[in-house]
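# Commentary on secondary and tertiary structure
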Amino acid sequence: KQEVTQIPAALSVPEGENLVLNCSFTDSAIYNLQWFRQDPGKGLTSLLLIQSSQREQTSGRLNASLDKSSGRSTLYIAASQPGDSATYLCAVKVGRPAAGNKLTFGGGTRVLVKP
Amino acid sequence: DTEVTQTPKHLVMGMTNKKSLKCEQHMGHRAMYWYKQKAKKPPELMFVYSYEKLSINESVPSRFSPECPNSSLLNLHLHALQPEDSALYLCASSQPRDEQFFGPGTRLTVL
């Protein structure tokens, strides 16, 4: 059974500092990995999708890496801003066909960027 | 357009009421999902429809009844809910096995 862990559960940084968010998963047979952002009481916003064949994916200030063999993904957010304050979730889609379209989520990292 | 819409935004219902949550997408996605999210927890998958057929039911109680009338619409019918069913209900869509896009959610309170 796939298990996804995000450590730390909460993180506080001063504005301008780079953010490093970690995600680990137990089953390396993944199809893809997706990073989301969630503001309080809102839906999830997709940030980046990394396919199992990719090592990294970039969008603006965001960069996500994937190391399947070690079961890890890292989301880097450069030059953090107060508007980056949110909960960040990673989710893994298992590669086995029987798993279908199911995503397994980590518990999330709550980020506070202080002005 | 990567928008998934959900109505209503908020819903308060008694334990004897019947209500429905609605979800719509116009991205041509053929997979649609219902998730339940409690405070400070990640979303929990409830149901998956793939090509308008129910493909995953995560052992959800029968008081929750999903329906997929066509490829753009997804409903969740609610009946005889319990206070512990109060949560944020999220709808998502994707092409099968591809990036999932979420709606803003319906905040449900059961009295």
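Look a little higher up for the structure.
Just so it is clear, the model here is predicted, and its values are computed rather than measured.

Each partner contributes to the interface: chain B provides 22 residues, whereas chain A provides 26 residues. Between chain B and chain A, the buried area comes to about 1800 Å², and carbon and sulfur atoms account for 51% of it. In this assembly, chain B and chain A are joined by one salt bridge. With a shortest N-O distance of 2.8 Å, E58 of chain B and K102 of chain A are connected by a salt bridge.

Our focus in this paragraph is the state of the cysteines. A complete count under the given rule lists two disulfides over all chains for this structure. A sulfur-sulfur separation of 2.0 Å characterises the disulfide bridge that pairs C23 of chain A with C90 of chain A. Around the S-S axis, the bridge from C23 of chain A to C90 of chain A shows a dihedral of about 75° and counts as right-handed. A residue pair is termed long-range when its members are at least 10 positions apart, and C23 of chain A in strand β3 (residues 19-25) and C90 of chain A in strand β9 (residues 86-94) qualify at 67 residues. We note that C23 of chain A, like C90 of chain A, is buried. Unpaired in terms of disulfides, C68 of chain B finds its nearest cysteine sulfur in C23 of chain B, a separation of 9.3 Å.

Rolled over the atoms, a probe as big as a water molecule pinpoints where empty space is left. All names here are of chain B. This model, assessed by the stated rule, comprises one cavity of 30 Å³ or more. Within this model, the largest cavity holds a volume of roughly 30 Å³. If you go around the largest cavity, the residues you meet are R30, M32, Y49, Y51, E52, C68 and S71. Class assignment for the residues of the lining of the largest cavity results in four nonpolar, one polar and two charged.

Right, let's talk about the sheet that holds strand β6 (residues 56-59) of chain A for a bit. Residues and elements named next belong to chain A. Reading across the sheet, the five strands line up as β1-β3-β8-β7-β6 and stay open at both edges, with antiparallel pairing between neighbours. Edge strands, defined here as strands with exactly one partner in the open sheet, are β1 (4-5) and β6. As paired strands, β1 and β3 are joined by two bridges and run antiparallel to one another. Across the sheet, V4 pairs through a bridge with F25, a residue of β3.

To continue, consider the nonpolar core. Residue and element names in this part refer to chain B. With 24 residues, the main nonpolar core has W34, F64, L76 and L78 as its most contacted residues. Among the secondary structure elements, those contributing two or more residues to this core are β2 (10-13), β3 (18-25), β4 (31-37), β5 (44-50), β7 (64-70), β8 (73-79), β9 (87-94) and β11 (106-110). With residues up to four places along the chain from it excluded, the contact list for L78 reads L11, M13, N17, K18, K19, L21, R63, F64 and L108.

Here the idea is simple: oppositely charged side chains can pair when their charged atoms come close. If you walk through the whole model with that rule in mind, you get six salt bridges over all chains. Of the charged contacts in the structure, one is a salt bridge between R37 of chain A and D39 of chain A, with a shortest N-O distance of 3.0 Å. E52 of chain B is paired through a salt bridge with R30 of chain B; the nearest N and O atoms lie 2.8 Å apart. Note that E52 of chain B is positioned in the loop between β5 and β6 (53-57) and R30 of chain B in the loop between β3 and β4, a separation of 22 residues in sequence. For E52 of chain B, a relative accessible area of 33% gives the class partly exposed. Residue classification places R30 of chain B among the partly exposed positions, given a relative accessible area of 29%.

Basis of the calculations
- Residues numbered from 1 in each chain as written.
- Chains lettered and ligands numbered in written order.
- Predicted model: local features only at pLDDT ≥ 70, side-chain atom pairs only at ≥ 80, totals over all residues.
- Heavy atoms only, no water.
- Contact = heavy atoms within 4.5 Å.
- Buried area = accessible area lost by both parts, 1.4 Å probe.
- Salt bridge = Lys/Arg side-chain N within 4 Å of Asp/Glu carboxyl O.
- Disulfide = S-S within 2.5 Å.
- Helix = DSSP H or I, 4+ residues; strand = E, 2+ residues; numbered from the N terminus.
- Buried < 20%, exposed > 50% of the residue type's maximum accessible area, 1.4 Å probe, protein only.
- 1 Å grid on protein atoms, 1.4 Å probe; cavity = no way out; pocket = protein on both sides within 12 Å on 5 of 7 lines; lining within 4 Å.
- Points joined across faces, edges and corners; volume = space filled by probe spheres on them.
- Nonpolar A, V, L, I, M, F, W, Y, C, P; charged D, E, K, R; others polar.
- Pairing = 2+ DSSP bridges.
- Core = buried A, V, L, I, M, F, W, Y, C linked by side-chain atoms within 4.5 Å.

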